[in-house]
Amino acid sequence: MSLYKYSFFEVLMHSFSAEVWAQVLPAISETMYMVGVSSIFVLVFGIILGLVLVMTSKEGLVPCKVIHTILGAIINCFRSLPQVIIIIVMLPVARALVGKSYGSNACIISLVASCVPLFARLVESSLLEIDKGKIEAAKAMGSGNMRILFTIMVPETLPSLIRAFTNAVVIVISMTALAGSFGAGGIGYIAVTYGYTRFQHDLLFATIIVLIVIVQAVQIVGDTLSKIILKKRHLI
Amino acid sequence: MDEKFIEISKLYKSFYNKKQKIEVLKGIDLSVEKGEIYGIVGFSGAGKSTLVRCINRLEEPDSGMVKIGAQEITSLGKAALNEQRRKIGMIFQQFNLFDSMTVEKNIAYPLKLTGVTGKEADARVEEMLNLVGLTEKKNAYPGELSGGQKQRVGIARALANRPDVLLSDEATSALDPQTTLSVLDLLKEINQKLGLTIILITHELEVIKYTCHRMAVMEDGKLLEQGLVEDIFSHPQCETARNFIRVYNQFRNDYQKEEVR
Ligand SMILES: Nc1ncnc2c1ncn2[C@@H]1O[C@H](COP(=O)(O)OP(=O)(O)OP(=O)(O)O)[C@@H](O)[C@H]1O
Ligand SMILES: [Mg+2]
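As named in an unreviewed UniProt entry, chain B is ATP-binding cassette domain-containing protein, taken from Parablautia muri.

Under an unreviewed UniProt entry, the name given to chain A is ABC transporter permease, and the source organism is Parablautia muri. Under the UniProt heading Sequence similarities (unreviewed entry), the entry covering chain A gives this text: "Belongs to the binding-protein-dependent transport system permease family." As recorded by UniProt, the Subcellular location (unreviewed entry) comment attached to chain A reads in full: "Cell membrane".

Draft legend 1. Geometry of the overall build of chain A. In terms of helices and strands, chain A carries 10 helices and zero strands. Taking as baseline every contact in chain A between residues at least 6 positions apart, the subset at least 24 positions apart corresponds to 74%. In the form shown here, chain A has an accessible surface area of approximately 11600 Å², with 71% of it arising from carbon and sulfur atoms. Of the side-chain charges in chain A, 17 are positive and 11 negative, and the distance between the mean point of each set is 7 Å.

Draft legend 2. Summary view of the environment of A:Val52. All names here are of chain A. Mapped onto the elements, valine 52 comes out in helix H2 (residues 18–56). Considering only alpha carbons, one finds valine 52 and arginine 121, 69 residues apart in sequence, at a separation of 11 Å. Not counting chain neighbours up to four residues away, the residues in contact with valine 52 comprise Ile67 and Leu71.

Draft legend 3. How the structure looks around the sheet that holds strand E7 (residues 165–169) of chain B. Residue and element names in this part refer to chain B. If you walk across this open sheet you meet the six strands as E6-E7-E8-E3-E9-E10, and the pairing is mixed. One side of each edge strand has no neighbouring strand; the edge strands of this open sheet are strand E6 (88–92) and strand E10 (222–228). Across the sheet, the axes of successive neighbouring strands diverge by a mean angle of 15 degrees, strand direction being ignored. Pairing of strand E3 (residues 37–42) with strand E9 (residues 214–219) involves five bridges; the strand directions are parallel. Considered in E9, the bridge of tyrosine 38 is made with arginine 214. The sheet contacts of helix H1 (residues 48–55) involve E3, E6, E7, strand E8 (197–202) and E9, and relative to E8 the element is tilted by about 155 degrees. Sheet strands in contact with helix H5 (residues 147–159) are E6 and E7, and its direction is about 165 degrees off that of E6.

Draft legend 4. Broad picture of the environment of A:Arg121. All names here are of chain A. Within the secondary structure layout, arginine 121 lies in helix H5 (residues 104–128). For the pair arginine 121 and asparagine 76, spaced 45 residues apart in sequence, the C-alpha separation works out to 9.4 Å. In contact with arginine 121, not counting residues within four places along its chain, are Leu53, Gly72, Ile75, Asn76 and Arg79.

Draft legend 5. How the structure looks around the UniProt feature "domain: ABC transporter" (unreviewed entry) in chain B. Here, UniProt's "domain: ABC transporter" (unreviewed entry) annotation points to residues 6–245 of chain B. Here residues 6–245 of chain B runs as 39% helix and 29% strand, with 27 Å between its end C-alpha atoms.

Draft legend 6. Broad picture of the site of ligand 1. Residues and elements named next belong to chain B. Neighbouring ligand 1 are Phe15, Val24, Phe43, Ser44, Gly45, Ala46, Gly47, Lys48, Ser49, Thr50 and Glu170. With respect to ligand 1, the backbone of glycine 47 contributes an N or O atom lying 3.0 Å from an oxygen atom. Here glutamate 170 contributes a side-chain N or O atom positioned 3.5 Å from an oxygen atom of ligand 1. Protein chains bury 61% of the 640 Å² of accessible surface belonging to ligand 1 in isolation. Top element by residues in the shell around ligand 1 is H1. It accounts for three residues.

Draft legend 7. Focus on a nonpolar patch on the surface. Together, A:Ile40, A:Phe41, A:Leu43, A:Val44, A:Phe45 and A:Ile48 give the surface a local cluster of nonpolar side chains, amounting to about 520 Å² of exposed area. Given a relative accessible area of 32%, A:Leu43 falls into the partly exposed group.

Draft legend 8. Highlighting the nonpolar core. If you look at the biggest cluster of nonpolar residues, it comprises 84 residues, and the most contacted ones within it are A:Val24, A:Met153, B:Ile8, B:Ile28 and B:Ile40. In terms of residue count, H2(A) provides more of this core than any other element does, 11 residues in total. Residue contacts for B:Ile8: discarding those within four places in its chain leaves B:Ile28, B:Asp29, B:Leu30, B:Leu51, B:Ile55, B:Met65 and B:Val66. In this structure, B:Ile107, B:Val116, B:Leu145 and B:Cys238 belong to the second largest nonpolar core, which totals 50 residues.

Draft legend 9. Region of interest: the UniProt feature "transmembrane region" (unreviewed entry) in chain A. All names here are of chain A. This chain's UniProt record puts "transmembrane region" (unreviewed entry) on residues 32–54, 66–90, 102–123, 168–191 and 203–222. Helix makes up 100% of residues 32–54 and strand 0%, whereas the separation of the span's terminal C-alpha atoms amounts to 32 Å. Between the C-alpha atoms that bound residues 102–123 the distance is 30 Å, and the span itself is 91% helix and 0% strand.

Draft legend 10. Focus on the sheet that holds strand E4 (residues 63–68) of chain B. Sheet architecture is open: four strands sit in the order E2-E1-E4-E5 (chain B), paired in antiparallel fashion. Strand pairing shows two members of the sheet lacking a second neighbour, strand E2 (20–33) and strand E5 (71–72) of chain B, which therefore form its edges.

Draft legend 11. Region of interest: the interface of chain A and chain B. Each side of the interface is counted separately: chain A has 22 residues, and chain B has 24 residues. For the pair chain A and chain B, the summed buried surface comes to about 2000 Å²; carbon and sulfur atoms form 56% of the total. By the criterion of area lost to chain B, the three top residues of chain A are A:Glu136, A:Ala140 and A:Met141, representing 28% of everything that side buries. Summed over the shared surface of chain A and chain B, the result is two salt bridges.

Draft legend 12. The arrangement of the pattern of salt bridges in detail. Following the criterion strictly, the structure yields 14 salt bridges over all chains and no others. A salt bridge links A:Lys134 to A:Glu156; its shortest N-O distance comes to 2.7 Å. With A:Lys134 in helix H6 (residues 132–140) and A:Glu156 in helix H7 (residues 145–156), this pair connects stretches of sequence that are 22 residues apart. Exposure remark for A:Glu156: the relative accessible area of 9% places this residue in the buried category. Salt-bridge contacts for A:Asp223 lead to A:Arg163; the nearest nitrogen and oxygen are separated by 3.5 Å. One end of the pair, A:Asp223, is in helix H10 (residues 201–232); the other, A:Arg163, is in helix H8 (residues 158–184), with 60 residues separating them in the sequence. You can call A:Arg163 partly exposed: its relative accessible area is 35%. Among the ionic contacts, a cluster of salt bridges with common partners joins A:Lys134, A:Glu156 and B:Asp99.

Rules and cut-offs
- Residues numbered from 1 in each chain as written.
- Chains lettered and ligands numbered in written order.
- Predicted model: local features only at pLDDT ≥ 70, side-chain atom pairs only at ≥ 80, totals over all residues.
- Heavy atoms only, no water.
- UniProt positions renumbered as here; feature names shortened; annotations may be inferred.
- Helix = DSSP H or I, 4+ residues; strand = E, 2+ residues; numbered from the N terminus.
- Contact = heavy atoms within 4.5 Å.
- Areas by Shrake-Rupley, 256 points an atom, 1.4 Å probe, with all protein chains shown as cover.
- Lys, Arg positive; Asp, Glu negative; His and termini not counted.
- Charge placed at Lys NZ, Arg CZ, Asp CG, Glu CD.
- Pairing = 2+ DSSP bridges.
- Axes fitted to C-alpha atoms, helices over the stretch in contact; angles between N-to-C directions.
- Near = heavy atom within 4 Å.
- Polar contact = N/O pair within 3.5 Å; in protein donor to acceptor, adjacent residues only side chain to side chain.
- Patch = residues over 30% accessible without salt bridge, like charges linked within 9 Å, V, L, I, M, F, W, Y side chains within 5 Å.
- Salt bridge = Lys/Arg side-chain N within 4 Å of Asp/Glu carboxyl O.
- Buried < 20%, exposed > 50% of the residue type's maximum accessible area, 1.4 Å probe, protein only.
- Core = buried A, V, L, I, M, F, W, Y, C linked by side-chain atoms within 4.5 Å.
- Buried area = accessible area lost by both parts, 1.4 Å probe.

The structure is reproduced here in structure tokens:
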């Protein structure tokens, strides 16, 4: 159904029809797969890189200018590229790694390449929020660096880290939709091929609804978790 | 009580601010006897915190020596320093409790470092809670405690490993007068009960008068005067000490006048 032939309301109503959802539902599961797998990679690598950034910084526990500068520069390089360009740049990398430059798994590679640097920076700024006095106290007790990192810095900043991850997942979702137009499949693919190329605006509406719902859900889960922890610690 | 327990000699420390050198400690000599409460008073910026942080090397001195008992702190390697730090308790103005842990876990944290676990750790935590009078707050988070209660947890945490020395950097400066008194009473009590040596940094002379046996007056990176608290109060030698005592007496007189009215 196109907006050029039908009224907005009619198209909107039709976007809830079984016919439309028969096409959208498989796309949702495809999108969920890409978002889920990418988010796990982003979580793991982003945390690792973020921790390294904080530890090696000048005020960090193991200052190391060389590592800090090089890592920071690489992260900045990736972050200065628009997501579309990262997707294009990563196509040959994806072909080398998973054998083809289209499809869900290829898409995951560009998602990870674009979102890990972003999340690493978010992790860095979360960890830097910690009150330096707590680290001093742990040092004064004779705690080692790794122990301070994992038993003080990470737990103390956990609510903020959860918020950071929530933001990262939301960006992964929007990027998944973008990657859809580069042959990754999923919601983005439906939106571009049917909504844009073939004027099937009911399908376009359905994808919009799905994206809004998914992002809201992620945001609510993240916010709630972070709030529960803050409440438990009586910090709000 | 005549034994040099903590010995500091010729301690120097500078910070560099945009290539500009700021000398903060300019040759500190100090000795503290076992079991005494030693107060160091000075105006803001005198270098008190830097001095006390050099004792457990949270700040690395440029030169000079710090010795506790027979152990020279300034010559220790990284691992040995961590080992030694477990025998030096420290409390802070901002308490620095871990918000992610309950009171119990906060106190047990240093115990994990020395390998005290299980029933033994539980018993030690219980003992410390008793000592600071917070048994019923065992499962509370620091976020639900008052300032005075937080500092008590800080003290319990600092004492959990039965240290020989307690360093206190403005531990009562964030507390109201009444809570300050009760925390100072607690410090005096543990000093008596456990024979703990305490170095107490403050910019409030009344804290020293109330708590300490001996004291030093610090200004501009140097210790201007050292001696028994009552001697310095009755015969202050240096200008800074006289200033401090004048202000102290003025406050007290005004306060007494208020009370009479
Ligand atoms: N890490 C640092 N880098 C640069 N300068 C510092 C640093 N730490 C302390 N200083 C400087 O050293 C001087 C002494 O500081 P210190 O904190 O030891 O004073 P203090 O006597 O404890 O003062 P206060 O009563 O305000 O706590 C100050 O001029 C301060 O600006
Ligand atoms: Mg200070």
